[in-house]
Amino acid sequence: VQLQASGGGLVQAGGSLRLSCAASGRTFSRYDMGWFRQAPGKEREFVAAIRWSGGSTFYSNSVKGRFTISRDNAKNTVYLQMNSLKPEDTAIYYCAAERVSGTYYYDQPDRYDYWGQGTQVTVSS
């Protein structure tokens, strides 16, 4: 599976962006999907995740209520709608795919099998 993230950019605080992550291949629905981010000098952190069916979603406390993850299995794409953006949301955002198998450790980056190249999100104050 190859992942291509897009949609990043520069936005003022309080603004919105929608990230997309397009996956290659015909088995997209066999993967749980996650979004992570990494700011300069910081470790990669979990942002949001969604089960293969779209039936369950998970969020970090820092984005809960502001970000929404969704997926369209017919289009092999997962989205991250980001509203009420804050300067502390500035980071490179990565999408990742984990094969569906048993327990989904959605917030652990080393459990994911494939990663996209990242897209920069910059929020100005």
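Whatever comes next refers back to the structure up there.
An account of the accompanying structure is given in this report.

Criteria and thresholds
Residues numbered from 1 in each chain as written. Predicted model: local features only at pLDDT ≥ 70, side-chain atom pairs only at ≥ 80, totals over all residues. Heavy atoms only, no water. Core = buried A, V, L, I, M, F, W, Y, C linked by side-chain atoms within 4.5 Å. Buried < 20%, exposed > 50% of the residue type's maximum accessible area, 1.4 Å probe, protein only. Helix = DSSP H or I, 4+ residues; strand = E, 2+ residues; numbered from the N terminus. Salt bridge = Lys/Arg side-chain N within 4 Å of Asp/Glu carboxyl O. Contact = heavy atoms within 4.5 Å.

1. Quick notes on the nonpolar core
Step number 1: Counting residues in hydrophobic clusters, the biggest one holds 28 residues, and the most contacted among them are Met33, Trp35, Leu80, Met82 and Tyr93.
Step number 2: Going through the elements one at a time, β1 (3–6), β3 (17–23), β4 (31–38), β5 (45–50), β7 (67–72), β8 (77–82), β9 (91–99) and β11 (119–124) are the ones with two or more residues in this core.
Step number 3: In this structure, Phe36, Ala49, Ala96 and Tyr112 belong to the second largest nonpolar core, which totals six residues.

2. A few points about the pattern of salt bridges
Step number 1: This structure, assessed with the given rule, holds five salt bridges.
Step number 2: Here aspartate 89 makes a salt bridge to arginine 37, at a shortest N to O gap of 2.9 Å. Of the two residues, aspartate 89 is situated in the loop between β8 and β9 and arginine 37 in strand β4; the sequence distance between them amounts to 52 residues. Arginine 37 shares its class with aspartate 89; the two are buried.
Step number 3: Measuring nitrogen to oxygen at the nearest pair gives 3.2 Å for the salt bridge that ties arginine 99 to aspartate 113. Here aspartate 113 lies in the loop between β9 and β10 (114–115) and arginine 99 lies in strand β9, a separation of 14 residues in the sequence.
Step number 4: By relative accessible area, which is 34% here, aspartate 113 ends up partly exposed.

3. Section: the environment of leucine 10
Step number 1: Summarising the element assignment, leucine 10 is placed in strand β2 (residues 9–12).
Step number 2: What makes leucine 10 exposed here is its relative accessible area of 67%.
Step number 3: Taking the C-alpha atoms as reference, leucine 10 lies 31 Å from glycine 55; in sequence the two are 45 residues apart.
Step number 4: Those residues in contact with leucine 10, other than ones at most four positions away along the chain, are Thr122 and Ser124.

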